[in-house]
Amino acid sequence: MSAQNGDLSLDFLMRKSQDVTAFLPEELSYLVEAFAPSQPELSRSKAYLVLSAFCQGARSKNPQDSGSNKSATETLEKVFQDLIISRISNHQEQDAIVIGLSFFSALFHVDWQAASRVFAQDGVVEYVTDALDLFPSSASVALEVARMIGQASGHKACRSLIPEEIVTWLGNKSRQATDKNLRAAAAIALVKLSRGAATDASEGADASQAASSTSKDMELSNLLKVMVISDKDSLSSLNDVVEGLAYLSVDPNVKRALADDPKFLQQLFTLVPRRKPLPTSTSNSSLLFGILLIISNLCAYRPRLSQEDAQVAKLKRMAKAGNGSNKTTSEEPLNVLEDDDTVRSRCRQALASGALDVLSVASGVESQGIRLALGKIYLSIVEDKDNRGKVLQSGGVRSLSRVIQSSYSTSSSTPIDTSLLPAIQALAKLTITSSPLQVFGPADGAMLDAIRPLSQLLLHSSSNLLQQFEALMALTNLASQSTGCADRIFNTPHLLNKVELLMLEDHTLIRRAATELICNLIGGSEKAFFRYGGSPDVHAMKSKLQVLLAMSDMDDVPTRLAASGALATVTSASTACQAVFELQLDRHRAFSIIARLIDPSVTLEDDDPDDDEAARDSGLVHRGVICLRHILDPQHALPRISLAEEVGKAGLVNVMARLLKGELGSFDTAVTTPAAEVLGHLIELRKPANS
């Protein structure tokens, strides 16, 4: 069929593709013929779309309550089995066999369940081997057989049906040098068989088979590396070669071999054009995605398991041992090729060979799969702090922003998809390490845009403690950058409530980060200041100031610095001073907590006598003095008699006297000048009211 007529007919088939029963037999045959290797790439791409829509339509019309979609698979099997078998069993026409095999490969791409059922039918594998026997010198038959077997090898149900003679034939074709495309296709099929065997062995814990698979993987990876280095300009099946390496690069030994070969990595990365946009075609997207998978596998760190997850994994291993699939219940040794130092080294090798340029190009491609892969890769790369500057220089923040924004809903109330969390976490790590000006530039726009995803990282139900911690730290940096950023963070729905809850978290780092964010918001946003200190509703502020007082008395010095800094800021407001004074009247602790910032030897009634004395810190002293200067300021008009009584109980005169005498250390005028002012207020309070 001509390209023009084919496109027109395929457009017609696309319009009716959702209705399986509407297709006439000749229309189905026309669709199969559209996958002939001789057809233009545009027609074949369109044929893929029609086939995909057809299969989706069949599955939407035949749902199973159990979720298995078995009836839909059977429907598709019945539709396609005769179309495939009638062609691959036609021993008189070579072209019919080629078209049948090409369509069979396409069906595996689009709906592997239906294709696997056709593959498992009696005689199908024999028809394939017969085709090789009948047309031993046909390059097109051999190439399509290799490609179809490669597709089938990716599925366990099909692997067990592939005879040894096919495997031997694939091995021979992978070693010949005459037809490079056939050699590549055969090698890919062997890769999938090898990786499939390794997966099957791991499920059954067959150590000998796993070792054999590793040996085959290394041999195949070396073969594919040579193709990338030597044959990249003459191969029409580079996609297949890259796909095979992507499969193999999950193996630690293959990862090492690839990373230790800079010539290979440089040649691989040059397959992605740097100076012009990548043409948007299915072939180019597949090639780019394969390269990204290789980078992702090279740079992927071993998952950090929580104690609970680690225990579950151990129980699973013990269960396998109990079933006789393992000889011992001892812990499996960790592969040194997967430890953090080795992964860190592989990341640096990939970056040195040009991986960041590939990522920059990939971020501009309209493909959800590619963008999600980018998020994971960037997260792995920025795990190493030494790489973060290189990521910033290469435009990594712009790339991450593209990934995040492309998947965002226009509604701010719609939660983000869990798959976006790695990209946002990578952005958070960059924002923590460097100044927001270095990360986002001098304009506020990019910083303001980053607040929404970073807030979602903190609020998302699937975020772990590390992600929450890094989101808090990143938001803290942004809050200190400008009033606009602080206000945007404060106004984010549900965020402040979450941060205030995390201030009470048991984990020290989470508690500290939440407190530091509150401190920066109070200093940068009038709305946050009003929430904690400027509101006329003293009762509403008391609970929040009580938390700040409690955080000012923690063992962790950075937490105390942040909380006491927030107190020193908000007590500049009369209402905040009134709220702190009421807290003092309620439990007689507030003034003592502030005094302990200045003099660690101050004790409270409920202190454990075995506890060590709190650490001395000039920052804490300064904050404590400023808090007292605000509270004792006569302009705030606290009740004189009650105030004098409470400062006496807290021993504030003695604390300030010791400070000014130098008994608590040497301090500059930023501390001693307001301290003298505080002592003057305290002495004034001791005088009779009518004096």
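Cut-offs used in this document
Residues numbered from 1 in each chain as written. Predicted model: local features only at pLDDT ≥ 70, side-chain atom pairs only at ≥ 80, totals over all residues. Heavy atoms only, no water. Helix = DSSP H or I, 4+ residues; strand = E, 2+ residues; numbered from the N terminus. Buried < 20%, exposed > 50% of the residue type's maximum accessible area, 1.4 Å probe, protein only. Contact = heavy atoms within 4.5 Å. Areas by Shrake-Rupley, 256 points an atom, 1.4 Å probe, with all protein chains shown as cover. pLDDT = per-residue confidence, 0-100. Salt bridge = Lys/Arg side-chain N within 4 Å of Asp/Glu carboxyl O. Core = buried A, V, L, I, M, F, W, Y, C linked by side-chain atoms within 4.5 Å. Axes fitted to C-alpha atoms, helices over the stretch in contact; angles between N-to-C directions. Parallel < 35°, antiparallel > 145°, perpendicular 65-115°, else oblique. Left-handed = near helix turned anticlockwise from the far one by under 90°. Patch = residues over 30% accessible without salt bridge, like charges linked within 9 Å, V, L, I, M, F, W, Y side chains within 5 Å. Lys, Arg positive; Asp, Glu negative; His and termini not counted. Charge placed at Lys NZ, Arg CZ, Asp CG, Glu CD. Expected span 1.5 Å × (residues − 1). Phe/Tyr/Trp six-rings, centres within 6.5 Å; stacked < 30°, edge-to-face > 60°. Lys NZ or Arg CZ within 6 Å of the ring centre and 35° of its normal. Nonpolar A, V, L, I, M, F, W, Y, C, P; charged D, E, K, R; others polar. Arc of directions from axis to C-beta. Polar contact = N/O pair within 3.5 Å; in protein donor to acceptor, adjacent residues only side chain to side chain.

S.K.: Quick question: what am I supposed to make of the overall build of the chain here?
M.R.: Scanning the chain from N- to C-terminus turns up 38 helices and 0 strands. In the chain, which comprises 691 residues, the share counted as buried stands at 49%. Here the contacts in the chain between residues at least 6 apart in sequence split such that 70% fall between residues at least 24 apart. About 31,700 Å² of surface is accessible on the chain, with carbon and sulfur atoms providing 50% of the total.

S.K.: What am I meant to see in the confidence of the model for the chain here?
M.R.: The predicted model of the chain has a mean per-residue pLDDT of 88, with 87% of residues at 70 or higher. Here residues 2-7 is modelled with pLDDT under 50, and outside its nearest four sequence neighbours on either side it reaches 8 contacts, counting other chains as well. The low-confidence segment residues 326-330 (pLDDT under 50) makes 5 contacts with residues lying over four places distant or belonging to another chain.

S.K.: Please clarify how the environment of valine 50 should be interpreted in this entry.
M.R.: Its location among the elements puts valine 50 in helix α3 (residues 41-61). Residues valine 50 and leucine 13, spaced 37 residues apart in sequence, show a C-alpha to C-alpha distance of 6.7 Å. Sequence-distant contacts of valine 50, defined by excluding residues within four places in its chain, comprise Leu10, Leu13, Met14, Ser17 and Leu31.

S.K.: I would appreciate a short explanation of the pattern of salt bridges in the present structure.
M.R.: Pairs may arise between side chains of opposite charge once their charged atoms sit close together. Overall, the coordinates contain 29 salt bridges when judged by the stated rule. Measuring nitrogen to oxygen at the nearest pair gives 3.8 Å for the salt bridge that ties arginine 147 to aspartate 240. With arginine 147 in helix α8 (residues 139-152) and aspartate 240 in helix α13 (residues 238-248), this pair connects stretches of sequence that are 93 residues apart. As a salt-bridge pair, lysine 542 and glutamate 582 come within 3.6 Å of each other at their nearest N and O atoms. You can see lysine 542 sitting in helix α31 (residues 538-551) and its partner glutamate 582 sitting in helix α33 (residues 574-587), a full 40 residues away along the chain. Each member of the salt-bridge network shares a partner with another, and the members are Glu74, Glu77 and Arg117.

S.K.: Looking at this model, I keep getting lost on the nonpolar core. Mind explaining?
M.R.: Grouped together as the largest cluster of nonpolar side chains are 209 residues, with contacts concentrated most on Phe80, Phe119, Leu170, Ile291, Leu545, Leu548 and Met656. Here the element with the most residues in this core is helix α11 (residues 180-204); it accounts for 10 residues. In this structure phenylalanine 119 touches Phe104, Phe108, Val124, Val125, Met148, Ile149, Ala152, Cys158, Leu161 and Ile162, once residues within four positions along its chain are discounted.

S.K.: Just checking my understanding: could you explain the packing of helix α29 (residues 508-524) against helix α30 (residues 526-534) for this structure?
M.R.: Two measures define how a pair of helices packs: the angle their axes make with one another and the distance between the axes. Where α29 meets α30, the closest approach of the two axes is 5 Å, and the angle between their N-to-C directions is 110°. Here α29 lies roughly perpendicular to α30, going by the angle between them. Handedness of the crossing formed by α29 with α30: left-handed. Contact with α29, carried on its side by Ile518, Leu521, Ile522 and Gly524, involves Glu526, Ala528, Phe529 and Tyr532 of α30 and no other residues of that element.

S.K.: Sorry if this is basic, but what is going on with a negative patch on the surface here?
M.R.: A contiguous patch of negative charge on the surface is contributed by Asp122, Glu126, Asp133 and Glu165. Tracing the backbone through its elements, the reader meets glutamate 165 in helix α10 (residues 164-175). For glutamate 165, a relative accessible area of 52% gives the class exposed.

S.K.: Would you mind showing me how to read unusual backbone geometry here?
M.R.: Most peptide bonds adopt trans geometry, and most residues besides glycine take a negative phi value. We note that histidine 588 has phi near 60°; this positive angle belongs to a residue other than glycine. Mapped onto the elements, histidine 588 comes out in the loop between α33 and α34 (590-598). Look at alanine 637: it is not a glycine, yet its phi comes out positive at around 55°. Mapped onto the elements, alanine 637 comes out in the loop between α35 (618-632) and α36 (640-649). The exposure class assigned to alanine 637 is exposed, which follows from its relative accessible area of 61%.

S.K.: What is the right way to look at α10 in this model?
M.R.: Since there are 3.6 residues in each turn of an α-helix, residues three or four apart along the chain are aligned in direction. Given a rise of 1.5 Å per residue, 12 residues ought to cover 16 Å, and the 17 Å separating the end C-alpha atoms of α10 matches this to within 8%. Among the residues making up α10, those that are buried are Ile166, Trp169, Leu170, Gly171 and Ser174.

S.K.: What should I look at first to understand the packing of aromatic side chains in this one?
M.R.: Two descriptors summarise a pair of aromatic rings, namely the distance from one centre to the other and the angle between the planes of the rings. The tally for this structure, following the rule as stated, stands at 9 aromatic pairs. A centroid spacing of 6.2 Å and a plane angle of 70° characterise the contact between phenylalanine 108 and phenylalanine 119, whose relative ring orientation is edge-to-face. Here the residue phenylalanine 108 occupies a position in helix α5 (residues 94-110), and phenylalanine 119 occupies one in helix α6 (residues 112-119), the gap between them amounting to 11 residues. Summarising the burial analysis for this pair, phenylalanine 108 and phenylalanine 119 share the class buried. Following the ring pairs from residue to residue traces out a cluster consisting of Phe23, Phe35, Tyr48, Phe54, Phe80 and Phe103. One cation-aromatic arrangement involves lysine 544 over tyrosine 532; the distance from NZ or CZ to the ring centre is 5.9 Å.

S.K.: What am I meant to see in the packing of helix α21 (residues 385-393) against helix α23 (residues 421-433) here?
M.R.: At a closest axis distance of 10 Å, the pairing of α21 and α23 adopts a crossing angle of 105°. Our classification of the angle between α21 and α23 gives roughly perpendicular. Contacts between α21 and α23 involve Arg388, Val391 and Leu392 from the former and Lys429, Leu430 and Thr433 from the latter. Considering only residue class, the contact of α21 with α23 consists of 3 nonpolar, 1 polar and 2 charged.

S.K.: What am I meant to see in α21 here?
M.R.: By the burial criterion, the buried members of α21 are Asn387, Arg388 and Val391. Taken around the axis of α21, the buried residues stretch over an arc of 115°, which confines them to a single face. In α21, the exposed positions that point more than 90 degrees away from the buried face belong to Asp386 and Gln393. Considering only its buried residues, α21 is in contact with α18 (340-352), α19 (355-362), α20 (368-382), α22 (396-406) and α23. The positive-phi residue at the C-terminal boundary of α21 is glycine 395, with phi of around 85°.

S.K.: Just to check I follow, could you spell out the side chain of aspartate 553 for this structure?
M.R.: Its place among the elements puts aspartate 553 in the loop between α31 and α32 (557-570). If sequence neighbours within four positions are ignored, aspartate 553 has contacts with Arg560, Arg589, Ile593, Arg596 and Leu604.

S.K.: Whenever I open this one, the environment of asparagine 62 confuses me. Can you help?
M.R.: The residue asparagine 62 is located in the loop between α3 and α4 (70-88) in this model. On a C-alpha basis, the gap between asparagine 62 and threonine 73 in space is 8.9 Å, while along the polypeptide they are 11 residues apart.

S.K.: Looking at this structure, I do not really get the side chain of glutamine 81. What am I missing?
M.R.: Among the secondary structure elements, glutamine 81 is positioned in helix α4. Side-chain polar atoms of glutamine 81 contact the side chain of glutamine 121, separated by 2.3 Å. Leaving out residues up to four positions away in the same chain, glutamine 81 has contacts with Val118 and Gln121.

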